[in-house]
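What follows is the residue order along each chain.
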Amino acid sequence: MSGPGSRRWDVIVVGAGFAGSLVAKQLADHGWRILVLEAGHGAPDPAQAHLDALAAHRTASAKVPNSPYRTSEAAPSPDVTDLAGLAEGGFRADGYFVQRGPLPYASGYLRANGGTGLAWTGLAPRMHPEDFRAGDFGHGRNWPIGYGDLEPYYRAAEREIGVAGDAEEQREAVGLPFPDGYRFPMHAIPRSYLDQVMATALDGRCVRDPDEAAPTRLRVVTTPHARNGRPDPGYDGGAGYRPAPAPGQRGGGELCQGHASCVPICPAQAKYTPLKTQARWGPSVTLVTRAVVTRVRIGGNGQATGVEYRSYREDGTAHTSHTVDADLVVLAAHAIENAKLLLASGAANSSDQVGRNLMDHPVLLTWGLMPQQIGAYRGPGSTSGLEGFRFGAARARRAPFRVEIGNWGWTWALGPPDGRVAELLRGGGPDGRGLFGPELRRTLGDRIGREIAFQFEMEQDADPANRVTIDPRHRDALGNPRPVLHYDLSDYVKRGIAAARSVSDQLFALLGAEDHTRFEPGPAWPGYFEYQGRGYAYRAAGHGAGTHIMGDSPAGSVVDQWQRCWDHPNLYAVGCGSMPTVATSNPSLTMAALALRSTEAIHRDLLARHRSAPAQGAPAQGVAAQGVAVADPALQGAETP
């Protein structure tokens, strides 16, 4: 663990994940001195740490998102294995979260250097312009900004994390506005064989959404990815793009090699992780790992003055307390951790909205067998989707959803193929006896290669009753409060899930596939529920959002459009927790764009502060010493605070 070497900084960033790493880099590029405090473990040699994580992944009995990475009881991480369904219905929750809702909050996250950004899927679609005004449809909230406000920062984020995609296809098939001539840094990741089979069978066909008057025309559309594809030489007016290498790699970044283990780990390191951004941090960034922030210190004038944190040893038991000061504090620790820290600090909650509006993407999975081999278990988890259910008038009646076409067979629904092997061994023969030898191999070869799954990612509306609280009776090994969660699905979301199931039935019919989807109460489905007489269940996508929600008034929100706390002008809470709607697209790209946009506001706040009262240790050179400048060409013309 490195020591901070100073008690006073320009900025303290809490959390070294996706948003925190981007904020630290951008501010350091401006010349500011940044202290990053990360609760989880780090590694002095990232290249060796990657090899260690690969080894842990290969030997893990349950290859869940957190399984390759080192965690600690001093900074516990919630894991998807903490939940189990009960035979009579309902669920049991062990682990870090204290769950008190009627349904489980089923996502985990990772407290380690790089955060959940180490284990994410790498899908990087933009939100649709309609997603910023969900409140107009009578569900959820409107954003205080629109797509146009965020668009330059989307481009900046796509450059920073390296996105491969087809802008023309996204414009035509999804309806996303791009500047004329815009191209993604890299060409789209090629479609899988399954995508091609789907496109042949589905493109141009129609299905009936029970909440939409007109039939929905289908089109298989490739998904933008934050993993290395072939660089586009025409990017940035012909300047081209060079994929960033991972720490320890020489030359440019490795291209995606289709290892099919993007979650939890990409062996080639072709997928973006925050460690790639950290490798480009300037010398004015200091990272301290195993540093659990326990309180944001608020002065009598309402300004944040710094933070208190506890450090712990490798074994996680001993700790010492520290206090560090800064001109400005940025919380970037995850939606739930940010809310927990604000509540423990008694900060930013004049609106009584801290911790409320907890959202995620409940995911309906459906699975079946195609009539022919489709090359399952090759490439990234999903390379294409169906986009036609994300927008439109039906949004006023049921939650919108995006359909991901899954390349990894039944893994998310039923586990890896090992489970099907066990079933066949137990009783896969026509007489109820087990299959062995050549017959077992033939049957497996036939079935595993025909497995398909659809993943319906639902928008969850912001509900103040879904919330994070703290309770002094529930503490972790360091004595810090554990998150206490109340979570449920609204009728709006359940109606969306029912509509998605109806769409799935029609998709299977068009494909000529055998539908093997079956939900029932029990250990495998803690998210089981019944709606209008039919049983459903959901998984969760790990997209926690909404706990320090953004708005246009301090009366009803926690942060303003710049993710600046209304109550404390030098305290920012960045990340998905600020999002008023989680929409239907994977949120990491939007989180990155918001972080880059906030960084411009933070930079200007710091300049104003230093102009009025130069602080010790202010940068002697760099942009901060020269005046306001926009770091990224993509941000020219962007709105400024």
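Look above for the structure.
Let me sum up the structure you'll find in this document. (Residues numbered from 1 in each chain as written. Predicted model: local features only at pLDDT ≥ 70, side-chain atom pairs only at ≥ 80, totals over all residues. Heavy atoms only, no water.)

Right, let's talk about the overall build of the protein chain for a bit. Tallying secondary structure elements over the protein chain gives 14 helices and 23 strands in all. A globule of 641 residues ought to have a C-alpha radius of gyration of about 26 Å, and the protein chain, at 24 Å, matches this closely. Sorting the 641 residues of the protein chain into buried and exposed places 60% on the buried side. Surface accessibility of the protein chain: about 23400 Å² in total, with carbon and sulfur atoms responsible for 50%. (Helix = DSSP H or I, 4+ residues; strand = E, 2+ residues; numbered from the N terminus. Rg over C-alpha atoms; globule rule 2.2 N^0.38 Å. Buried < 20%, exposed > 50% of the residue type's maximum accessible area, 1.4 Å probe, protein only. Areas by Shrake-Rupley, 256 points an atom, 1.4 Å probe, with all protein chains shown as cover.)

On to the environment of Ala106. In this structure, Ala106 sits in the loop between β5 (98-99) and α3 (147-161). Classification of Ala106 by relative accessible area gives buried; the value is 15%. With 396 residues separating them in the primary sequence, Ala106 and Ser502 have C-alpha atoms 24 Å apart. Those residues in contact with Ala106, other than ones at most four positions away along the chain, are Val80, Leu83, Tyr538 and Ala540. (Contact = heavy atoms within 4.5 Å.)

Closest axis-to-axis distance for the helix α10 (residues 418-427)/helix α11 (residues 437-448) pair is 11 Å, and the angle between their directions is 140°. Regarding the angle of α10 to α11, the classification is oblique. Seen along the crossing, α10 lies across α11 with a hand that is right-handed. Between α10 and α11, the contacting residues are Arg420, Val421, Leu424 and Leu425 on the first element and Leu440, Thr443, Leu444, Arg447 and Ile448 on the second. Taken together, the residues of the contact of α10 with α11 break down into six nonpolar, one polar and two charged. (Axes fitted to C-alpha atoms, helices over the stretch in contact; angles between N-to-C directions. Parallel < 35°, antiparallel > 145°, perpendicular 65-115°, else oblique. Left-handed = near helix turned anticlockwise from the far one by under 90°. Nonpolar A, V, L, I, M, F, W, Y, C, P; charged D, E, K, R; others polar.)

What follows concerns the sheet that holds strand β18 (residues 484-486). Here three strands make up an open sheet; going across it, the order is β5-β18-β17 and the pairing mixed. Among the strands making up the open sheet, the edge pair consists of β5 and β17 (467-469). Two elements, β5 and β18, share two bridges in a ladder whose sense is parallel. Along β18, the bridge assignment pairs Gln99 with Leu485. (Pairing = 2+ DSSP bridges.)

Within the largest apolar cluster, 161 residues are counted, with the highest numbers of intra-cluster contacts made by Leu37, Ile452, Phe454 and Phe456. The biggest single contributor to this core is helix α13 (residues 588-612), with 11 residues. Setting aside residues up to four positions removed in sequence, Phe454 forms contacts with Met198, Leu364, Leu365, Thr366, Val403, Glu404, Ile405, Leu507, Phe508 and Leu511. Of all hydrophobic cores here, the second largest spans eight residues; its members include Ala53, Tyr69, Leu110 and Ile265. (Core = buried A, V, L, I, M, F, W, Y, C linked by side-chain atoms within 4.5 Å.)

Its place among the elements puts Gln269 in the loop between α6 (235-238) and α7 (274-278). On the basis of relative accessibility, which here comes to 17%, the residue Gln269 falls in the buried class.

For strand β13 (residues 362-369), the buried fraction is high: eight of the eight residues fall into the buried class. The alternating pattern of β13 places Pro362, Leu364, Thr366 and Gly368 on one face and Val363, Leu365, Trp367 and Leu369 on the opposite face, and all of these are buried. Judged from the two bridges that link them, β13 and strand β22 (residues 539-540) form a sheet pairing that is antiparallel. Residue pairing for β22: Val363 is matched across the bridge by Arg539. Relative to strand β16 (residues 451-458), β13 is paired through seven bridges, and the arrangement is antiparallel. For Trp367, the partnering residue across the bridge sits in β16 and is Ala453. Across two bridges, the pairing between β13 and strand β19 (residues 514-515) is antiparallel.

With that settled, consider unusual backbone geometry. Note that the residue after Val263, namely Pro264, is joined by a cis bond; omega there is 20°. The phi angle at Ala260 is positive, at roughly 65°, despite the residue not being glycine. Mapped onto the fold, Ala260 is located in the loop between α6 and α7. Phi angles above zero are rare outside glycine, and Gln269 is one such case at about 60°.

Another aspect to go through is helix α4 (residues 167-174). Every buried residue belonging to α4 is among Ala167, Glu169, Gln170 and Val174, and all of these are buried. Here the buried residues of α4 occupy an arc of 160° about the axis, which is enough to place them on one side. Contacts from the buried residues of α4 go to β8 (220-222). A positive backbone phi angle near 85° is found at Gly175, which sits one or two residues after α4. (Arc of directions from axis to C-beta.)

Time to look at the pattern of salt bridges. Per the counting criterion, the structure on display carries 42 salt bridges. Two residues, Glu172 and Arg219, come together in a salt bridge whose shortest N-O distance is 3.3 Å. One end of the pair, Glu172, is in helix α4; the other, Arg219, is in the loop between β7 (216-217) and β8, and 47 residues separate them in sequence. Glu451 is paired through a salt bridge with Arg420; the nearest N and O atoms lie 2.9 Å apart. (Salt bridge = Lys/Arg side-chain N within 4 Å of Asp/Glu carboxyl O.)

For the structure shown, the criterion picks out 22 aromatic pairs. Ring centres of Tyr105 and Tyr487 lie 5.4 Å apart, and the angle between their planes is 85°; this geometry places the pair in the edge-to-face category. Linking Tyr105 in the loop between β5 and α3 with Tyr487 in the loop between β18 and α12 (491-511), this pair joins segments that are 382 residues apart in sequence. Exposure class is identical for Tyr105 and Tyr487. Each is buried. Ring geometry for Phe529 against Tyr536: centres 5.8 Å apart, planes inclined by 25°, an arrangement best described as stacked. Residues Phe529 and Tyr536 agree in their burial class; the two are buried. By the ring-pair criterion, three or more aromatic residues cluster together here, those being Tyr96, Phe97, Tyr105, Tyr109 and Tyr487. Across from the ring centre of Phe137, 5.7 Å away, lies the NZ or CZ of Arg395, which sits over that ring. Sitting over the ring of Trp562, Arg597 keeps its end group 3.8 Å from the ring centre. (Phe/Tyr/Trp six-rings, centres within 6.5 Å; stacked < 30°, edge-to-face > 60°. Lys NZ or Arg CZ within 6 Å of the ring centre and 35° of its normal.)

Here we take up the side chain of Ser107. Within the fold, Ser107 resides in the loop between β5 and α3. Taking the relative accessible area as the measure of exposure, Ser107 reaches 3% and is therefore buried. Only 2.4 Å separates the side chain of Ser107 from the side chain of Asp360, close enough to count as a polar contact. Separated by 2.7 Å, the side chain of Ser107 and the backbone nitrogen of Gly542 make a polar contact. (Polar contact = N/O pair within 3.5 Å; in protein donor to acceptor, adjacent residues only side chain to side chain.)

Read these as geometric descriptors, not functional statements.
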